[in-house]
There are 2 protein chains.
Amino acid sequence: MDTADRTPSVTGGGRGRPRAGARGQTASMADVARLAGVSSQTVSRVSNGYAGVTEETRQQVLAAMKELGYRPNSAARALKRGEFRTIGVITFSLSTTGNVRTLEAIANSAAHEGYAVTLLPVAVPTQDEVRGAFTRLEELAVDAVIVIMEVHLLDAATIALPPHVQVVVVDSDAGDRYNVVDTDQAGGSRAAVRHLLGLGHGTVWHLGGPEGSFAAQRRADAWHAALVEAGRTPPPLLRGDWSAESGYRTGLELAAREDCTAVFVANDQMALGLLRALHERGRRVPEDVSVIGFDDIPEASSFLPPLTTLHQDFAEVGRLCVKNVLRKMRHEGAERGTTLVPTRLVVRESTAPPPSQA
Amino acid sequence: MDTADRTPSVTGGGRGRPRAGARGQTASMADVARLAGVSSQTVSRVSNGYAGVTEETRQQVLAAMKELGYRPNSAARALKRGEFRTIGVITFSLSTTGNVRTLEAIANSAAHEGYAVTLLPVAVPTQDEVRGAFTRLEELAVDAVIVIMEVHLLDAATIALPPHVQVVVVDSDAGDRYNVVDTDQAGGSRAAVRHLLGLGHGTVWHLGGPEGSFAAQRRADAWHAALVEAGRTPPPLLRGDWSAESGYRTGLELAAREDCTAVFVANDQMALGLLRALHERGRRVPEDVSVIGFDDIPEASSFLPPLTTLHQDFAEVGRLCVKNVLRKMRHEGAERGTTLVPTRLVVRESTAPPPSQA
DNA sequence: GAGGCCCATGTTTGCGTAAACATCGCGGCG
DNA sequence: CGCCGCGATGTTTACGCAAACATGGGCCTC
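S.K.: Could you give me a rundown of the sheet that holds strand β12 (residues 344-346) of chain A, with the residues and numbers involved?
M.R.: All names here are of chain A. The strand order across the open sheet formed by six strands is β7-β6-β8-β9-β10-β12, and the pairing between neighbours is mixed. Edge strands, defined here as strands with exactly one partner in the open sheet, are β7 (238-239) and β12. With three bridges joining them, strand β6 (residues 205-208) and strand β8 (residues 262-265) adopt parallel strand pairing. Bridge pairing links W205 to V263 in β8.

Structure representation (structure tokens):
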């Protein structure tokens, strides 16, 4: 009778509850409970799939939920449980294939694990901007963060991160301080150089990425090492900014050098530009010059000629990021260290033996 | 005295508060309030920048916040305020340039407005998948949703959406039921056709996108209409799936037709494949065949030859999406209707007058 | 047949915040 | 000189959910 007495005045529909912030009414557990004739705790149990609820009761509750269009309120749930089931992804621009593909893989993996992904774009990759993003992130509802970005930009910002937010990094060499997941840049570059040397080229030129990029650095280093290891003389390192345009500019220079018969380009976009430059200058690919890229973007097979390149398994990178960050959250180890995802050489039509100089 | 009595046992530091869900301690308002010697409400006022707090008190509170590393708990805040300050973006794959660029613009605009963006990837564009995404979304902490996707896939799912969640759609013709923001597909296509006719071509072929796509449909319709309007006979419509590979396949067919001197391709990727096919078959671009694309992806200027195409202003589309959805949330109108963002013709080297057939 | 035990369910409580309301003290004005 | 008003601050309460604890009834065991 206590219940009967309280029902109408405290929680009853008659009151026309105020509902401060939100516009649209949303049924709460209490509403469902009342309709189903059970306690709100029982509704909670059904909602969370706990055992110990009679099938009959469960059906009643489910029916009531359906009738009222009940949706659990995630804010309340997060408040109570102390976790948001959300992963933040902080990245500098979505203009590079790699970042996008990785992000997509992360989002898919996270969804699969029941986590949502909140995106934090950083317009300009300066420390200030990154710090700004992290500041926003702190106030945000995330349990963990994945950083797709060279980590040195993040160092100053890290201080501000709440201590319990776990971080996993892509594209960095900070394996000693963070948990890093990355493509095996070095292995891929070695494979590229060996492929070209194996075709008979005397040496291999390299068009690398921009200075700040860890991936670019790593690819350039491995290229250099592979040549030295094979007893060849590495030509001077050329640099682009990942864009097709920069590949074109470099290609114009390179086309003028008769002694250049093989180029390893640090990504497919630049390779595209390079192909255009070579074509314009009358240097045939692969007859006069062999070109190999990195990434294996979907368009690579439609380049002129179809591009030999190193396939990156972005999906795997994303998957591992999520896996690692969740493991860290659950304190199952893997606090630091680097996980490498292997690449795969895809041979198409842009590489061939060098022109016979006999 | 009641207060004095309760303080040590209820909120005092001595107890070592349990902190159920979360790992890392986070200072709460109460902690800050105690340290600063004020009430938690005053902390709230400082935290939210309300007037009516003495500068002196404010400084004390700020100092206490800093010392404790206080971060407002967004779950509690969301629960109290009834809003999450988060926008959900649901999209089918991030593999097309347009989607990615739009997403990026949305994220930037949202960040600018103080909103976070939660990503909801849909692996396969089936109704079931979309409905699944929406179900996840419902339980998610979002105030509004932007759908980057043909809307008919979403129809069945909409029912499940909580009524107060606003929706804005990209790439759809559902302007009568939703608020739609989109590139002016028709205007762009007309510009493409007119550009080619203006160069002297008798008619223009069209390689369109896949059946399900509204953008593809719209571009094809406008292409057809522009030709009819100019008194030309439209050739049969060809279809690809947006991929360079499909452009290549179509290109092989088209290369065999002597009467084809101009092709309007519905996106740049397919144009890339088409260029390769024409090249392989010895049809020169633009001397023998003119090709015009759509999108103006960054690589388009590095195609062989650099591609004439229609520039889409994705940044503007994203900005408008956010603007509209926020306006809807604030009930400032704009419930329905379509907003079109104009395109811009970028003339490069893939278009020229037709070969003289005299 | 009585005691205990366990299963299904109900009740209480508090997560951190902020709106609403309460209080308190001080200055100005009649 | 007393009262009013207002500005600064404190107190209470509820947001929706779920852990912890409470209850109560049926069944098993000896």
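S.K.: Outline helix α11 (residues 244-255) of chain A, supporting the account with residue identities and numerical values.
M.R.: Residues and elements named next belong to chain A. With 12 residues, α11 should reach 16 Å at 1.5 Å per residue; the first-to-last C-alpha distance of 16 Å fits that figure. Inspection of α11 places A244, S246, G247, Y248, T250, G251, L254 and A255 among the buried residues, and these make up the whole buried set. In this structure, the buried residues of α11 make contact with β6, β7, β8 and α12 (268-280).

S.K.: Hey, could you go over the packing of aromatic side chains for me, with residue numbers and the actual values?
M.R.: In total, this model carries two aromatic pairs over all chains according to the counting rule given. Plain terms: the ring middles of F264(A) and F294(A) are 6.3 Å apart, the flat faces sit at 40° to each other, and that makes the pair tilted. Of this pair, F264(A) sits in strand β8 while F294(A) sits in strand β9 (residues 290-295), and the two are 30 residues apart along the sequence. There is no split in this pair, since F264(A) and F294(A) are both buried. The aromatic ring of Y248(B) is capped on one face by R276(B), whose charged end is 3.8 Å from the ring centroid.

S.K.: Explain the interface of chain A and chain B to me, and be specific about the residues and the numbers.
M.R.: Often, the extent of an interface is quoted as the loss of accessible area on bringing the components together. Taken together, the contact between chain A and chain B spans 55 residues of the former and 55 residues of the latter. Together, the buried faces of chain A and chain B total about 4700 Å²; carbon and sulfur atoms form 62% of this surface. For the pair chain A and chain B, the interface holds zero salt bridges. On the surface where chain A and chain B come into contact, there are nine residue pairs in polar contact (both at pLDDT 80 or more). With seven residues, the single largest contributor to the side of chain A that touches chain B is helix α5 (residues 74-81) of chain A. Class assignment of the residues belonging to the side of chain A that touches chain B gives a composition of 26 nonpolar, 17 polar and 12 charged. In the sheet, strand β2 (residues 116-122) of chain A pairs with strand β2 (residues 116-121) of chain B via three bridges, with the strands oriented antiparallel. The residue bridging L119(A) from the neighbouring strand is V117(B), located in β2(B).

Rules used throughout
- Residues numbered from 1 in each chain as written.
- Chains lettered and ligands numbered in written order.
- Predicted model: local features only at pLDDT ≥ 70, side-chain atom pairs only at ≥ 80, totals over all residues.
- Heavy atoms only, no water.
- Pairing = 2+ DSSP bridges.
- Helix = DSSP H or I, 4+ residues; strand = E, 2+ residues; numbered from the N terminus.
- Expected span 1.5 Å × (residues − 1).
- Buried < 20%, exposed > 50% of the residue type's maximum accessible area, 1.4 Å probe, protein only.
- Contact = heavy atoms within 4.5 Å.
- Phe/Tyr/Trp six-rings, centres within 6.5 Å; stacked < 30°, edge-to-face > 60°.
- Lys NZ or Arg CZ within 6 Å of the ring centre and 35° of its normal.
- Buried area = accessible area lost by both parts, 1.4 Å probe.
- Salt bridge = Lys/Arg side-chain N within 4 Å of Asp/Glu carboxyl O.
- Polar contact = N/O pair within 3.5 Å; in protein donor to acceptor, adjacent residues only side chain to side chain.
- Nonpolar A, V, L, I, M, F, W, Y, C, P; charged D, E, K, R; others polar.

Worth remembering: the numbers are spatial, not functional.
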